[in-house]
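# Analysis of the macromolecular model
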Amino acid sequence: MVDLKRQYEKIQEEIDSAVLDVVRSTQYINGPDVKHFQEELEDYLDVRHVIPCANGTDALQVAMMSLDLKPGDEIITTSFTFVATVEVISLLGLTPVLVDVDEDTFNINPMEICNAITVRTKAIVPVHLFGQCARMDEIMTIARNHGLYVIEDAAQAIGAEFIYSKSRRKKAGTIGHIGCTSFFPSKNLGCYGDGGAIFTNNKKLAEKIRSIVNHGMSIRYYHNDVGVNSRLDTIQAAILRIKLKYLDQYNESRRKAADYYDKAFEGNENIVIPARSSFSTHVFHQYTLKTRNIDRDKLLKHLA
Ligand SMILES: *Cc1c(COP(=O)(O)O)cnc(C)c1O
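Residues numbered from 1 in each chain as written. Predicted model: local features only at pLDDT ≥ 70, side-chain atom pairs only at ≥ 80, totals over all residues. Heavy atoms only, no water.

## Things to note about the sheet that holds strand E1 (residues 49-53)
This is how it is decided: The rule for pairing is simple: two strands pair if DSSP sees at least two bridges between them. Runs of H or I in DSSP of at least four residues are treated as helices and runs of E of at least two as strands, each being numbered from the N terminus. Axis geometry follows a simple rule: fit a line to the C-alpha atoms, using only the stretch in contact for helices, then measure angles between N-to-C directions, giving values from 0 to 180 degrees. Whether two residues are in contact is decided by their heavy atoms: any pair within 4.5 Å suffices.
The sheet built from 7 strands is open, its strands ordered E1-E9-E8-E5-E4-E2-E3 with mixed pairing. Each of the sheet's edge strands pairs with one partner strand only, and the pair in question is E1 and strand E3 (95-99). Strand-to-strand, the axes of this sheet are offset by a mean angle of 25 degrees, without reference to chain direction. Across the face of the sheet, helix H3 (residues 32-45) comes into contact with E1 and strand E9 (196-200) while running at roughly 135 degrees to E1.

In structure tokens:
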């Protein structure tokens, strides 16, 4: 799907020297690149606070830990996502409530969210699946009306934009109360190992999240919360600083590839090409086809 070797070869000199700089600095944990990457990502996303962490699953877990939820509280999320989204809800003793998706985009359906709300509902977790934003305007309205938190799982959609109108757009992960992403190597912004980040515009939540990823500690050796140890390695941050500069270019290349595939499959009755929402740009983390009246596995083999 993603040719990481070719991608590396194009930026090899920059990467090699950045990695070597970290090795020589011996500042492997929370070195200066982590802070710089955080600031550069805040600028890119136009969000007040980015908190780097160890992976996308931790990002989701820490986001949920920051909301002071109680066992049995219900979290509404999509029935069609990578397991991590739901896994962390269960891990924290919360109750996942899975609702169905829009048939065309595979993203969570707002009507289904409304139907699933109970007195125990505390949060909604939309996933911007395959690289395209869920219906965030409707989801935020529902959340406001019912006093719910919204945590966006933007692991597949970094750089995608929700379009309110031509002049007003917001990046995936910066619309809800908290956004989460993953820097797994094959993600649109991938590092050379595990990595993740949490975004928020809320200062209180940012402080709490920063404490939780650091053993519940805000002042050195004063542990006010039960936290975890979830950090982005300095080496990964150094790599991400370089790759962030190329993210828009990478996403544009994915869109071009998607256009090419669209053309190739256009007019084939047995294949449904991916829907493109009017309210979101698409960064094509995945290019996902639907099939009609044919053997999917045979097509898979043929295309491979
Ligand atoms: C990749 C992914 C995650 C988890 O990220 P990791 O960094 O692998 O822990 C969570 N949610 C979705 C939708 C993903 O695609």
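## A closer look at the packing of aromatic side chains
Just so we agree on the cut-off: Pairing of aromatic rings covers Phe, Tyr and Trp, the last through its six-membered ring, and needs centres within 6.5 Å; plane angles under 30 degrees mean stacked, over 60 mean edge-to-face, and all others mean tilted. Between buried and exposed lies partly exposed: a residue is buried under 20% and exposed over 50% of the maximum accessible area for its type, with that area taken using a 1.4 Å probe on protein chains only. Here, over-ring charges are defined by two tests on the NZ atom of lysine or the CZ atom of arginine: distance to the ring centre within 6 Å, and angle to the ring normal within 35 degrees.
Within the structure shown, the criterion is met by 12 aromatic pairs. Ring geometry for Tyr260 against Tyr261: centres 6.1 Å apart, planes inclined by 70 degrees, an arrangement best described as edge-to-face. In this structure Tyr260 comes out as exposed when scored by relative accessible area, which is 61%. Judged by relative accessible area, which is 39%, Tyr261 ranks as partly exposed. Grouping aromatic residues by their ring pairs yields a cluster made of Tyr260, Tyr261, Phe265, Phe284 and Tyr287. Above the face of the Tyr164 ring, Arg168 is positioned so that its terminal group lies 4.2 Å from the ring centre. Positioned above the aromatic ring of Tyr44 is the side chain of Lys171, whose terminal nitrogen or guanidinium carbon lies 4.3 Å from the ring centre.

## Description of the site of the ligand
Basically, it comes down to this: Note on terminology: near, applied to a residue and a molecule or strand, indicates that one of the residue's heavy atoms is within 4 Å of it. In protein, a polar contact means a hydrogen-donor-capable atom and an acceptor-capable atom, both N or O and within 3.5 Å, with residues adjacent in sequence counting only if both atoms are side-chain atoms; elsewhere, any N or O pair within 3.5 Å suffices. Note that accessible areas follow from Shrake-Rupley with a 1.4 Å probe, and for residues the cover is restricted to the protein chains shown. Lining residues are defined by having an atom within 4 Å of a point belonging to a cavity or pocket. Those points lie on a 1 Å grid over the protein atoms alone, cavities being sets where a 1.4 Å probe fits but cannot get out and pockets being open sets with protein on both sides within 12 Å along at least five of seven lines. Placement in a cavity or pocket follows one criterion, namely that more than half of the molecule's atoms lie within 2 Å of its grid points. Each residue receives one of three labels: charged for Asp, Glu, Lys and Arg, nonpolar for Ala, Val, Leu, Ile, Met, Phe, Trp, Tyr, Cys and Pro, and polar for the others, Gly being one of them.
The full set close to the ligand counts 15 residues, and Gly56, Thr57, Asp153, Ser182 and Lys187 are the nearest of them. Here an oxygen atom of the ligand sits 2.8 Å away from a polar atom, N or O, in the main chain of Gly56. Within the side chain of Asp153, an N or O atom sits 2.8 Å from a nitrogen atom of the ligand. Calculation on the ligand without its partners gives an accessible area of 380 Å², and the protein chains cover 91% of this total. More than half of the atoms of the ligand fall within 2 Å of the grid points belonging to the second largest pocket. Elements with a contribution of two residues or more to the shell around the ligand: helix H4 (56-65) and helix H5 (84-91). Among the elements that line the shell around the ligand, the one with the most residues is H4, at 3 residues. When the residues that make up the shell around the ligand are grouped by side-chain class, the tally is 6 nonpolar, 7 polar and 2 charged.

## Remarks on the pairing of strand E7 (residues 168-171)
Note: strand E6 (residues 161-165) against E7, 4 bridges, orientation antiparallel. Across the sheet, the residue bridging to Ser165 is Arg168, located in E7. Two successive antiparallel strands, E6 and E7, enclose a turn made up of 2 residues.

In short, shape yes, function no, at least from these values alone.
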